[in-house]
Amino acid sequence: MATSTDRLSAYRKQFVSLSTETWLGWGLLLPAALLMGVIILYPILDGILTSFQARSFLRPEIREFVLLANYRALVRDGVFWTALWNSAVLTGVSVALQFLLGLGLALLLKQQVPGIAVFRSITMVTWVLPVIVIVIVFNWLVQPGYGLVNLILAELGLPTDYWFSNRTWAMPLIVLMHVWKNAPFFAIALFAAMQSIPNELYEAAKMDGASAVQQFRYITLPNISYVAMIMIVLHVLYTFNNFDFVWLSTGGGPLRTTEVLPTYVYKQAFQQYALGYAASIGVVMLIIMMTFTVVYVKLEDFD
Amino acid sequence: MREISKRDLLKASGAAAAASIAGCLGGSDDQLTFWWVEGDGENYRDLNEWLAETVESETDRELEITGYAYSDLRQNVLTGGRQGTPDVIEGVIEHPGDYVAAEIVEPLTDRTDKVPHFDGFLDSALDAFRFQDELWALPYTGNGRALVYNKDILAEYGYEEGPPSEIGEFMELAGTINEDHDDMNGFHLTTERGEVRVTQEFLSHVYQHTDGPLYDWDGDGWALQADAGAFEAVLGDIYYRLFHGDSPAAGDSYQSAGWETNDVGFTEGEHAMIHCGPWIDGFRDTDQQEEMLDENTAISLLPKHADASDATYMEVKPLMLNAHSNDLDSGMAVASAFSSPEALERLSEIDSGATATPVHEDVESSIDNEDFTAFTEAFENGVAPAQIAWGEVREAIYDAIENVIFDEQTPAEAAADLEAVLREADVNLDPEAE
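Residues numbered from 1 in each chain as written. Chains lettered and ligands numbered in written order. Predicted model: local features only at pLDDT ≥ 70, side-chain atom pairs only at ≥ 80, totals over all residues. Heavy atoms only, no water.

(A) Layout of the packing of helix α3 (residues 78-109) of chain A against helix α10 (residues 212-241) of chain A. All names here are of chain A. Relative orientation of the contacting elements α3 and α10 amounts to 145 degrees, with a least axis distance of 10 Å. Remark: the crossing between α3 and α10 carries right-handed chirality. Counting all contacts with α3, which are made through Leu-84, Ser-87, Ala-88, Leu-90, Thr-91, Ser-94, Val-95, Gln-98, Phe-99, Leu-103 and Leu-107, the residues of α10 involved are Phe-216, Leu-221, Ile-224, Ala-228, Ile-232, His-235, Val-236, Thr-239 and Phe-240. (Axes fitted to C-alpha atoms, helices over the stretch in contact; angles between N-to-C directions. Helix = DSSP H or I, 4+ residues; strand = E, 2+ residues; numbered from the N terminus. Left-handed = near helix turned anticlockwise from the far one by under 90°. Contact = heavy atoms within 4.5 Å.)

(B) Just the nonpolar core, in detail. Ranked by internal contacts, the top residues of the largest apolar core, which has 167 residues, are Phe-187, Leu-214 and Met-273 of chain B. Considering every element that reaches this core, the biggest residue donor is α3 of chain A, with ten residues. In this structure, Leu-214 of chain B is in contact with Leu-203, Val-206, Tyr-207, Ala-223, Leu-224, Gln-225, Ala-226, Phe-231, Trp-390, Val-393 and Leu-422 of chain B, ignoring residues within four places of it in sequence. Membership of the second largest hydrophobic core comes to 20 residues, among which are Leu-90, Leu-153, Tyr-162 and Phe-245 of chain A. (Core = buried A, V, L, I, M, F, W, Y, C linked by side-chain atoms within 4.5 Å. Buried < 20%, exposed > 50% of the residue type's maximum accessible area, 1.4 Å probe, protein only.)

(C) Just a nonpolar patch on the surface, in detail. Residue and element names in this part refer to chain A. Taken together, the side chains of Leu-35, Met-36, Val-38, Ile-39, Ile-40, Ile-44, Leu-286 and Met-290 present a nonpolar region at the surface, about 760 Å² in accessible area. Looking at the nonpolar patch, the elements that each hand over two or more residues are α1 (2-50) and α13 (275-299). In terms of residues, the nonpolar patch owes the most to one element, α1, which gives six residues. The class for Ile-39 is exposed, based on a relative accessible area of 56%. (Patch = residues over 30% accessible without salt bridge, like charges linked within 9 Å, V, L, I, M, F, W, Y side chains within 5 Å. Areas by Shrake-Rupley, 256 points an atom, 1.4 Å probe, with all protein chains shown as cover. Salt bridge = Lys/Arg side-chain N within 4 Å of Asp/Glu carboxyl O.)

(D) Highlighting the side chain of Thr-210 of chain B. All names here are of chain B. Relative to the assigned elements, Thr-210 resides in helix α8 (residues 196-210). Judged by relative accessible area, which is 18%, Thr-210 ranks as buried. If we ignore the near neighbours within four places in the chain, the residues touching Thr-210 are Gln-225 and Ala-226.

(E) Layout of the confidence of the model for chain B. Residues and elements named next belong to chain B. Residues of chain B with pLDDT of at least 70 account for 92%, and the chain-wide mean is 91. Averaged over each element, pLDDT in chain B is lowest for helix α1 (residues 6-25) (56) and highest for strand β7 (residues 146-150) (98). With pLDDT under 50 throughout, residues 22-27 is counted as low confidence; its partners more than four residues away or in other chains account for zero contacts. Reported confidences for the modelled complex are a pTM of 0.82 and an ipTM of 0.77. (pLDDT = per-residue confidence, 0-100.)

(F) Focus on the environment of Leu-32 of chain B. Residues and elements named next belong to chain B. Looking at where Leu-32 falls in the secondary structure, it is placed in strand β1 (residues 31-35). Overall, the relative accessible area of 0% leaves Leu-32 in the buried class. Separated by 111 residues in the primary sequence, Leu-32 and Asn-143 have C-alpha atoms spaced 29 Å apart.

(G) Region of interest: the layout of surface pockets. The computed volume of the second largest pocket comes to approximately 1,300 Å³. Mapped onto the lining of the second largest pocket, the elements with two or more residues apiece are β1 (53-55), β2 (63-65), α12 (261-271) and α13 of chain A together with β10 (222-224), α15 (391-405) and α16 (411-424) of chain B. Counting residues per element, the lining of the second largest pocket draws most heavily on α15 of chain B, which supplies five residues. (1 Å grid on protein atoms, 1.4 Å probe; cavity = no way out; pocket = protein on both sides within 12 Å on 5 of 7 lines; lining within 4 Å. Points joined across faces, edges and corners; volume = space filled by probe spheres on them.)

(H) Looking closely at the sheet that holds strand β8 (residues 185-188) of chain B. Residues and elements named next belong to chain B. The mixed open sheet is built from four strands, whose spatial order is β8-β11-β7-β12. Unpaired on one side and paired on the other, β8 and β12 (297-300) mark the two borders of the sheet. Strand after strand, the sheet turns through a mean of 20 degrees between neighbouring axes, direction not considered. Bridge count for β7 against strand β11 (residues 271-276) is four bridges, and the pairing is antiparallel. Across the sheet, the residue bridging to Ala-146 is Cys-276, located in β11. Taken strand by strand, helix α10 (residues 259-267) contacts β7, β8, β11 and β12, and its axis lies near 135 degrees from that of β11. (Pairing = 2+ DSSP bridges.)

(I) The environment of Glu-195 of chain B, seen in detail. Residue and element names in this part refer to chain B. With respect to the helices and strands, Glu-195 occurs in the loop between β8 and α8. Given a relative accessible area of 11%, Glu-195 falls into the buried group. Taking the C-alpha atoms as reference, Glu-195 lies 21 Å from Pro-318; in sequence the two are 123 residues apart. Beyond its immediate stretch of four places on either side in the chain, Glu-195 contacts Thr-190, Gly-258, Trp-259 and Tyr-398.

Rendered as structure tokens:
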């Protein structure tokens, strides 16, 4: 009997202690949780709610529930599917090129040659340039008549064009601008990861007779994969959600060949005032990005 | 010297953030706010200072002037205007409709007696802002779209008095010039998706067929005034022939080109004829451009079909009062001062194009070149766009133009699609109206 009372008392003490610690923990977390709720959760939930409503940008206080009408319209909207495809292509090609070029550049930066420090600094210049500056530079370069690219092409007897208005070349130009801006950041991040690989690993591999390619495949790549994964995830999110490059250079044209989901959301929300419809596109984008992030993190065994 | 520690840096950042937040939340009650596109323009500093001083002397309130690009300005007004800032809003001709629908601007009808120069405004300029039985804005500058041409080139082809007014003959001439000159287009206008000029130029020609706005209020709602026939005429005889047909008027590389290519290109001798407004006179960065504008440029009305009128797109800039301002009287003093003949004379010294076709009879036209006087006639023929929701309409116009200039659709197909979309478009700005 006495044993059972002692055990009960010990359990009670443990429970009180646990609950006190837990409540204290909750108490400490509460302000941060509230702040997160207000600045992150509320806008997301409101966005999701708006996607089920007819709501105008001019009178946002008037909300009318239309259930799935916005999503039904989305399925029948050809421009939405074009924009989704273009977003996927832009993201896939840009990030792949940024990674490959960044990796190549990182291997180059790793070389111990005179002047490499200056080269490393210069490499970062495009990354720090504002998007608007990059677009203006590219826009003037490809102007018909007086753009440098066209002047050179004309001098060589090749056909000239306003390349942003060319249905074949508009999207590659936007990809090029993304790569031009972001590949150096990939390079620096991968270079930093490479610097942290112990030299002994390479020395041991050399002693075992591993070739340069084998060293890269079995030492370098596995050791930079974590950083590479983070970079790829971040840049997929950035590129898929990127608005300014496309908007400032082509506005989604010509013939919607560069229309992407962010520009389409903008047009729906701020030009056609269809906040509900724009929100439904936003929710689709959110689902795609969440899915991508979860799948990618699982695949890479993030833990 | 004392080193700055991380803790110092953090403290300084915290203080800066707190000061910024205080700055955002604060703001003196005595300060009036005015947003206009050139609010931050270095060239306009004297005008802005004069306006602030004038308003302060009349109202005892300090005036804070801020500059925004029009798209940002509109968004900021629509999202934050209900908080009462800015007190006074400048914009483009399509903005008042948006703001009225959002219940952001105040009707001025009963306040016009506070504007000493009100009787001098041209009726056509005021009419652009009269709808729903109220006057919603004061005009301060305006223009009408016309044809700007290279006199020397046209003289080569026997057109000393200006280009032909009939559109068939006009495009034929443009095609011939383009064919004869390797480095010059016969005719050029903007066709870049998203470019506001594209719709303005397209509408100029549509108005020739409607002789009025694209949509008119018929008592029950907005009714489309143009049909596929009018659209086909414009798309076929101008936009298709611009790049296609036996004798295109411009080179393929100019497909989807924007305003820079159009305006700067003309002053640099790339085009024989372009669509433009009086601001063309401001492109004087090089000797070549000055020579072109002073000696070799003249203006005529836009070409048209034989059965069409001389109508063209009219642009008038509005000054509006924020209905949520806590001092509408002082706001009216700002709008009154900025639209006064004195302010317009000052504006003219900075940008002569702003008063080339003045909206006030007490302001003299800045045009002193006889070859430029057709701008005045164009303004008189100008049609102000209807106060509708333009988003869907603009997108449909871009689609039609792109499909034609890239030869994806025939002008007839594009015109039929355009009419169908515009007829079905929800152009009503009032979300509660049916």
